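The chain contents come next:
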Amino acid sequence: MAFNRWFEKWMFLLIPGSLVLGFLCSHVLSPFTGAVPYLFAYVTLTMAIGCGLSQLKEVMRRPVVMVWTFALTHILAPFIAYGIGSAFFGSKSPYVVGLVLFAIIPLGVSSVLWVGMSGGSVPLMLALVVLDSALSPLVVPAGIHLLFGEVVQIDTMRLIRDLVLIIVAPTAVGVLLHQLSRGRLQAKVQPYAAPLSKLCFVGVVALNAAAIEPHVQQLKDDMVRLVPLCILLVAICYAIGYVGAMPLRNQETQVTMSYASGMRNISLGIVLAMGYFSPLSAVPVVLSILIQQPMATLHHYVLQKLNKRGAGASSPLHVR
């Protein structure tokens, strides 16, 4: 538990740090990149063990929140990414594919940690991550084909198969184990499984950074435009969740949806970018790793300020 708390506290530095480590040690780490799907499947499994059918049913009882969250994250955000990417690089650029891929991949597992620290609904966030992961074999290929058509050639059936193996199957096994143990399994394995899961997450980031390091030299001139664009896109993703949840008039849901829309499963994004697209397509996804966690820290700070201001505004006046 001490390791988990330490990791959560320093996650905004550890994840970018593992990215830098992958770049610097690429010659040592590159031979091990084949282990990435297995490491990622384990991370997914440990996440799903914490979610049972009761939590999934609770989300199903709130279909408006679920459908609206997925609409913001997988319809609005990818179109925004496509629009701003095309305006700067042209619609056929591999960078645009990477920006769209960031916006269309499933919700990030680490969002559960931030939701808990910021006063959101952890069961809702966890269930959204599990459901979104299960839908990814349909959502990701459909979104890519819708926006790029024949411009981007991918093996759709192989993509669906791989998503099932590294996302859907571990998710289903995790939920099943939760049900069979009536939720007791998570408490028993967490002291060992959770730290290992976090180390696997760091390993996925480092190994994928090592895989794209040889291609970084090609984009020195593009970084001046690409880095601000990635920062803008990540900020927009956080904003659309927060603003989009305003009509629901529920602060807990608003916090949850803002992190849901702002944080993506970056490890999966890199795996897909490296496996199915040009290596340059992985660059915006990798840059988002550097941006997503520090942005989560900034978003947490802003939420605390907004919540305090809202609490002060709603406090009754005392008449003497």
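Read on for a plain summary of the structure.

About the thresholds
Residues numbered from 1 in each chain as written. Predicted model: local features only at pLDDT ≥ 70, side-chain atom pairs only at ≥ 80, totals over all residues. Heavy atoms only, no water. Patch = residues over 30% accessible without salt bridge, like charges linked within 9 Å, V, L, I, M, F, W, Y side chains within 5 Å. Areas by Shrake-Rupley, 256 points an atom, 1.4 Å probe, with all protein chains shown as cover. Salt bridge = Lys/Arg side-chain N within 4 Å of Asp/Glu carboxyl O. Helix = DSSP H or I, 4+ residues; strand = E, 2+ residues; numbered from the N terminus. 1 Å grid on protein atoms, 1.4 Å probe; cavity = no way out; pocket = protein on both sides within 12 Å on 5 of 7 lines; lining within 4 Å. Points joined across faces, edges and corners; volume = space filled by probe spheres on them. Nonpolar A, V, L, I, M, F, W, Y, C, P; charged D, E, K, R; others polar. Phe/Tyr/Trp six-rings, centres within 6.5 Å; stacked < 30°, edge-to-face > 60°. Buried < 20%, exposed > 50% of the residue type's maximum accessible area, 1.4 Å probe, protein only. Lys NZ or Arg CZ within 6 Å of the ring centre and 35° of its normal.

**Section: a nonpolar patch on the surface**
Turning to step 1, where the next piece is worked out: On the surface, a cluster of nonpolar side chains totalling about 330 Å² of accessible area is made up of Ile 75, Phe 79 and Leu 146.
Turning to step 2, where the next piece is worked out: Within the fold, Leu 146 resides in helix α8 (residues 122–148).

**Section: the layout of surface pockets**
Turning to step 1, where the next piece is worked out: Its boundaries defined by the atoms lining it, the second largest pocket holds a volume of some 270 Å³.
Turning to step 2, where the next piece is worked out: In terms of residue count, the dominant contributor to the lining of the second largest pocket is helix α13 (residues 266–276) (five residues).
Turning to step 3, where the next piece is worked out: For the lining of the second largest pocket, the residue count by class is nine nonpolar, three polar and two charged.

**Some details on empty space enclosed by the protein**
Turning to step 1, where the next piece is worked out: Applying the stated rule across the entire model yields two cavities of 30 Å³ or more.
Turning to step 2, where the next piece is worked out: Ser 110, Phe 201, Arg 264, Asn 265 and Ile 266 are, among the 10 residues lining the largest cavity, the residues nearest its centre.
Turning to step 3, where the next piece is worked out: When contributions to the lining of the largest cavity are tallied by element, the ones reaching two or more residues are α13 and α14 (282–314).
Turning to step 4, where the next piece is worked out: Here the residues of the lining of the largest cavity are counted per class, giving three nonpolar, six polar and one charged.

**Quick word on the packing of aromatic side chains**
Turning to step 1, where the next piece is worked out: Tallying each qualifying case throughout the model produces three aromatic pairs.
Turning to step 2, where the next piece is worked out: A centroid spacing of 5.1 Å and a plane angle of 65 degrees characterise the contact between Phe 89 and Tyr 95, whose relative ring orientation is edge-to-face.
Turning to step 3, where the next piece is worked out: Look at Tyr 238 and Tyr 259: their rings are 6.0 Å apart centre to centre, the planes differ by 85 degrees, and that puts the pair in the edge-to-face class. One end of the pair, Tyr 238, is in helix α11 (residues 223–244); the other, Tyr 259, is in helix α12 (residues 251–262), with 21 residues separating them in the sequence. One exposure class covers both Tyr 238 and Tyr 259, and it is buried.
Turning to step 4, where the next piece is worked out: A cation over a ring is seen here: Arg 264 above Phe 102, with NZ or CZ 5.8 Å from the ring centre.

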